[in-house]
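Structural overview
Chain residues, written in single-letter form:
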Amino acid sequence: MKGTLQNEKNTDRLAELFRHASARERPPADDELTIRQALHTQWSHMTRQRKRRKTMITLAAAASAVIAVMVGIRMPPVSDSAPSLTQLAAVEKTLGMVQITSSDGSLQRPDSATALMSGQQIVTSSDSRMALRWLNGESIRLDENTELILNSSDEISLQAGQIYLDTGQAEANRELTVSTPAGRVRHLGTRYMTTVSGDVTSVSVREGQVSVEVKGVETVADQGVRLTVDTAGASSLGSVSSYGPMWQWTEELAPAFSSGGRSMLQFLDWVAHESGRVVEFASTEAERLARDTDLRGRIDMEPMRALEAILLTSDLVAEVDAGTIVVRLRNGS
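Residues numbered from 1 in each chain as written. Predicted model: local features only at pLDDT ≥ 70, side-chain atom pairs only at ≥ 80, totals over all residues. Heavy atoms only, no water.

Helix and strand counts for the chain stand at 6 helices and 22 strands. Split into buried and exposed, the 333 residues of the chain put 36% on the buried side. Taking the intrachain contacts of the chain between residues at least 6 apart in sequence as the baseline, contacts between residues at least 24 apart amount to 51%. A total of about 19,300 Å² of accessible surface is found on the chain, and carbon and sulfur atoms cover 53% of it. (Helix = DSSP H or I, 4+ residues; strand = E, 2+ residues; numbered from the N terminus. Buried < 20%, exposed > 50% of the residue type's maximum accessible area, 1.4 Å probe, protein only. Contact = heavy atoms within 4.5 Å. Areas by Shrake-Rupley, 256 points an atom, 1.4 Å probe, with all protein chains shown as cover.)

Dropping the structure here:
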């Protein structure tokens with residue numbers, strides 16, 4: 001009813017407006033009626049817009065009041081039971097696409113600046129590998145098709161594939177255990193490879209000693225030994241070389257040699273360490289030259305390739321005889 005009265009008032013205003021219009025020739029009666037109807041429609045539309053705008057402003061004000069009330073509500077404190085994350089390692093090198101899954105399910109593609117945290121799972125594919133540096137200084141390298149979980153500062157779990165551990169720079173009082181489906185692997189100062197295939201775990205010792213515990217029974221494997229165990233407790237021993245094709249993938253992930261004024265002799269020691277070989281000098285003169293020759297720069301190549309490239313710039317040459325690298329003067333002595 002109120003709306004009808006308002007419309008009648010609007011119509012009277014239009015009539016009054018037309019009565020006061022300046023004198024000019026009036027349009028035909030039909031045209032005049034059409035114009036009046038159009039103006040009346042526009043007037044009504046503008047009136048409805050004003051009402052809608054007021055309603056929107058009122059609703060916005062109400063929403064602000066609700067938000068203000070919500071802000072005033074005290075939220076419950078975050079539970080202290082959420083597990084804390086600890087950095088355990090840092091990525092040194094990646095080859096191909098490696099995937100890291102965190103405990104919250106988020107995925108990550110690592111690079112050389114990636115920090116690795118407790119609870120994360122690392123997965124390499126058929127064409128990818130990764131090397132990381134544990135916080136205790138230990139070098140851990142993952143081969144293709146490997147699944148590794150970083151449990152804590154003193155334990156990792158190898159689910160599948162194989163890893164190589166070099167404890168040469170690790171702190172003596174911070175021992176890292178490798179948990180596998182068949183048992184627990186613990187180093188005694190060494191370089192070794194652990195392989196998991198289903199229920200079978202094998203440990204190949206390149207240097208030093210490794211302890212493997214299965215069902216409470218501990219077996220120690222020495223250098224040159226491959227120990228194979230399964231979840232049932234069965235075990236067998238075999239022999240393994242410290243160099244050769246089985247170790248090749250670990251050399252591809254070797255950390256770079258940063259010379260910083262270090263000598264050729266130290267570089268040769270690095271090559272021997274990473275390749276599993278022994279360096280011998282053909283003469284005291286060759287050894288003296290290696291000790292007195294300083295290197296500059298960073299060498300990031302596979303050890304044996306690096307050896308060939310670096311010696312080209314010196315008066316030394318090397319011959320590889322099985323597991324021995326014989327270094328002599330270029331003139332033959």
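Structure's up, so let's keep going.
Relative to strand β4 (residues 115-117), strand β1 (residues 87-95) runs antiparallel, the two sharing 3 bridges. In the sheet register, alanine 89 faces β4, and the bridge partner there is leucine 116. Two elements, β1 and strand β6 (residues 129-134), share 6 bridges in a ladder whose sense is antiparallel. Bridge pairing links alanine 90 to arginine 133 in β6. (Pairing = 2+ DSSP bridges.)

Looking at the element boundaries, threonine 313 is found in the loop between α6 (303-311) and β21 (316-321). Given the relative accessible area of 68%, threonine 313 is considered exposed. In this structure the side chain of threonine 313 is engaged in a polar contact, spanning 2.6 Å, whose partner is the backbone oxygen of isoleucine 310. (Polar contact = N/O pair within 3.5 Å; in protein donor to acceptor, adjacent residues only side chain to side chain.)

A few words now on the packing of aromatic side chains. Any pair of aromatic rings gets described here by the distance separating the centres and the angle formed by the planes. In the structure shown here, the tally under the stated rule is 4 aromatic pairs. Between tyrosine 164 and tryptophan 247, the ring centres sit 5.9 Å apart and the planes meet at 75°, which makes this aromatic pair edge-to-face. Highlighted residues: tyrosine 164 in strand β9 (residues 155-166) and tryptophan 247 in the loop between β17 (235-239) and α3 (248-252), separated in sequence by 83 residues. In this structure, tyrosine 164 and tryptophan 247 share a single accessibility class: buried. (Phe/Tyr/Trp six-rings, centres within 6.5 Å; stacked < 30°, edge-to-face > 60°.)

Take the confidence of the model for the chain next. Confidence in the prediction of the chain, expressed as mean pLDDT, is 82, and 74% of residues score 70 or more. The low-confidence segment residues 2-11 (pLDDT under 50) makes 3 contacts with residues lying over four places distant or belonging to another chain. (pLDDT = per-residue confidence, 0-100.)

Tracing the chain through its elements places methionine 130 in strand β6. Classification of methionine 130 by relative accessible area gives buried; the value is 0%. Counting along the chain gives 123 residues from methionine 130 to leucine 253, while the straight-line C-alpha distance between them is 7.0 Å. When near neighbours in sequence (up to four residues on either side) are disregarded, methionine 130 contacts Val91, Lys93, Thr94, Val98, Pro110, Leu116, Ile122, Thr124, Ile140, Arg141, Leu142 and Leu253.

The next point concerns the sheet that holds strand β19 (residues 278-281). Read from one edge of the open sheet, 3 strands run β19-β22-β21, paired in mixed fashion. Edge positions in the sheet fall to β19 and β21, since each has one partner strand and no second. Averaged over all neighbouring strand pairs, the angle between strand axes comes to 25°, with direction disregarded. Helix-sheet contacts for helix α4 (residues 264-275) involve β19, β21 and β22 (324-329), and the interaxial angle to β19 is about 145°. (Axes fitted to C-alpha atoms, helices over the stretch in contact; angles between N-to-C directions.)

It is worth spelling out the side chain of serine 211 at this point. Note on placement: serine 211 falls in strand β14 (residues 209-214). Taking relative accessible area as the criterion, serine 211 reaches 1% and is therefore assigned buried. A polar contact is formed between the side chain of serine 211 and the side chain of glutamate 218, at a distance of 2.5 Å. Residue contacts for serine 211: discarding those within four places in its chain leaves Arg184, Val185, Arg186, Glu218, Thr219 and Val220.

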